[in-house]
Amino acid sequence: MSKETIVIIGSGPAAWTAAVYAARAELHPFVIEGSFHRTMVPGGQLMFTTEVENYPGFKDGVDGQTLMLDMKAQAVRFGTRVLTEDVLKLDVQQRPFRMTTTSGAEVLADAVIVATGANAKWIGLPNEQRLAQSGGGVSACAVCDGALPHFRGKTLAVVGGGDTAVEDALYLTKFAKEVVIVHRRDELRASKVMAERAHASEKIRFEWHQVVTDVHGGDVITGIRLKDVRSGAERDLEVSGLFVAIGHEPNTAFLKGVIDLKENGYVRMPISWRTQTSVPGVFAAGDVMDDYYRQAVTAAGTGCMAALEAERWLSHGG
Ligand code: NAP
């Protein structure tokens, strides 16, 4: 059993930024970064992104994996220690807080920063995963990937009917020749104003009552297979990009009943512009508490906030 001043759970931009700040404040942070066997993949969602072009400071863009490994190296340079396991349990009934990891190890901490992120939901097709991981034109983030050269002037598909799908489709119209929204019903879940904008766009058309049953292409996507949920009829649609926008799932399973969560599973933040959760001494940063912006740079910003807030909380006696 180890006893730490501060434990940071997670390994995306929020976690590593928190670690850099905590390490430089001489809090000797211990990061439990997640393992490859569960949802909390080390490095977080950026490990699945090829080119990140909207992270400030990289004028030519940066590979998502490189960005994450460099952030980790920066945190380690200042003395951060890292455990590549998942936290299965967080006990806040006693102080110091007690975490149990995958191997059964117990870690105690005076303060905890939860930065476990959220995962984009995928349709769950083998070719979807293959082409998403290889940068072959399948993505769960239009804002991250939509402006890449190979999507310009092409027909692109967006799956989903919520605000994200519509927002993504509208964003993609800046670059694409045509954007096809594929939705499993004939009515959008998106807010009225967003739906109206989508209907008004000359570049957007809809495929109603359709689900995607396969993604075609070798190194890059060439099309998708659509299935009409009413008749079961299947047909192919030629597209040069597929953007999956069917929601996100925060990695908060181990926090249920421990700290306050919102109905959608994200961590509830009792005070706006603060990272303190419902349990004093437990802070949250990044996508796990942000169902609105979900950007690497905003995650890094809240990671910084959480480390500063934790430092102040600890210096006032915890
Ligand atoms: P969402 O509202 O949960 O919508 C998910 C969409 O994906 C729904 O249309 C759903 O279909 C569809 N879907 C879910 N699973 C599917 C599957 N397996 N196959 C095919 N389709 C599937 O998620 P979201 O759009 O990411 O929005 C999340 C929250 O963020 C919402 O509260 C939203 O208002 C908010 N948001 C707001 C803005 C904005 O205000 N600008 C932008 C983005 C997000 P059904 O409709 O049939 O269930």
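Everything below is about the structure shown above.
Asks: Break down the environment of Ala 233 for me, with residues and values.
Replies: In this structure, Ala 233 sits in the loop between strand 15 (221-228) and strand 16 (234-238). Separated by 35 residues in sequence, Ala 233 and Ala 198 place their C-alpha atoms 26 Å apart. Contact partners of Ala 233, with chain neighbours within four places excluded, come to Leu 226, Lys 227 and Asp 228.

Asks: How would you sum up the pairing of strand 11 (residues 155-159)? Please name residues and give values.
Replies: Of all the five residues making up strand 11, five are buried; the element is thus mostly covered by neighbouring parts of the structure. Burial along strand 11 is two-sided: the face carrying Thr 155, Ala 157 and Val 159 and the face carrying Leu 156 and Val 158 are both buried. Bridge count between strand 11 and strand 12 (residues 178-182): five bridges; the pairing is parallel. Looking across to strand 12, one finds that Val 158 is bridged to Ile 181. Taken together, strand 11, helix 5 (residues 163-172) and strand 12 constitute a β-α-β crossover, and its handedness is right-handed. Sheet topology places strand 11 next to strand 17 (residues 241-244); four bridges connect them, and they run parallel. Within the sheet, the bridge partner assigned to Val 159 lies in strand 17 and is Val 244.

Asks: Lay out the side chain of Ser 139 with the relevant residues and their values.
Replies: Here Ser 139 lies in strand 10 (residues 138-139). Note on Ser 139: relative accessible area 3%, which makes it buried. At 2.6 Å, the side chain of Ser 139 forms a polar contact with the side chain of Asp 145.

Asks: Which residues make up the state of the cysteines, and what values go with them?
Replies: According to the stated counting rule, one finds one disulfide in the structure shown. Residue Cys 141 pairs covalently with Cys 144 via a disulfide, S to S 2.0 Å. As the torsion about the S-S bond is roughly 70°, the Cys 141-Cys 144 disulfide counts as right-handed. Of the residues examined, Cys 144 reaches a relative accessible area of 18% and is grouped as buried.

Asks: Describe the pattern of salt bridges, naming the residues involved and giving the relevant values.
Replies: One pass over the structure, following the stated rule, counts 14 salt bridges. Between Lys 72 and Glu 33 there is a salt bridge, with its nearest N and O atoms 3.2 Å apart. Taken as a pair, Lys 72 in helix 2 (residues 64-77) and Glu 33 in the loop between strand 2 (30-32) and strand 3 (51-52) lie far apart in primary sequence, 39 residues in all. Note on Glu 33: relative accessible area 4%, which makes it buried. The closest approach of N and O atoms between Arg 225 and Asp 236, which form a salt bridge, is 2.9 Å.

Asks: Quick one: what's the story with the side chain of Asp 290, residue by residue and with numbers?
Replies: Its location among the elements puts Asp 290 in the loop between strand 19 (282-284) and helix 7 (296-315). The buried charged residue Asp 290 lacks any salt bridge partner; its closest oppositely charged side chain belongs to Arg 294, at an N-O distance of 6.2 Å. There is a polar contact of 2.8 Å between the side chain of Asp 290 and the backbone nitrogen of Arg 294. Among residues more than four places away in sequence, those in contact with Asp 290 are Tyr 266 and Thr 298.

Asks: Tell me about the site of the ligand, and please be specific about residues and values.
Replies: In the vicinity of the ligand lie 14 residues, with Asp 163, Thr 164, Glu 167, Arg 185 and Arg 189 positioned nearest. Glu 167 is positioned with one of its side-chain polar atoms (N or O) 2.9 Å from a nitrogen atom of the ligand. Arg 185 places a side-chain nitrogen or oxygen 2.7 Å from an oxygen atom of the ligand. Residue classes in the shell around the ligand are distributed as two nonpolar, six polar and six charged.

Procedures and definitions
Residues numbered from 1 in each chain as written. Predicted model: local features only at pLDDT ≥ 70, side-chain atom pairs only at ≥ 80, totals over all residues. Heavy atoms only, no water. Helix = DSSP H or I, 4+ residues; strand = E, 2+ residues; numbered from the N terminus. Contact = heavy atoms within 4.5 Å. Buried < 20%, exposed > 50% of the residue type's maximum accessible area, 1.4 Å probe, protein only. Pairing = 2+ DSSP bridges. Right-handed = clockwise from strand over helix to strand, strands pointing away. Polar contact = N/O pair within 3.5 Å; in protein donor to acceptor, adjacent residues only side chain to side chain. Disulfide = S-S within 2.5 Å. Salt bridge = Lys/Arg side-chain N within 4 Å of Asp/Glu carboxyl O. Lys, Arg positive; Asp, Glu negative; His and termini not counted. Near = heavy atom within 4 Å. Nonpolar A, V, L, I, M, F, W, Y, C, P; charged D, E, K, R; others polar.

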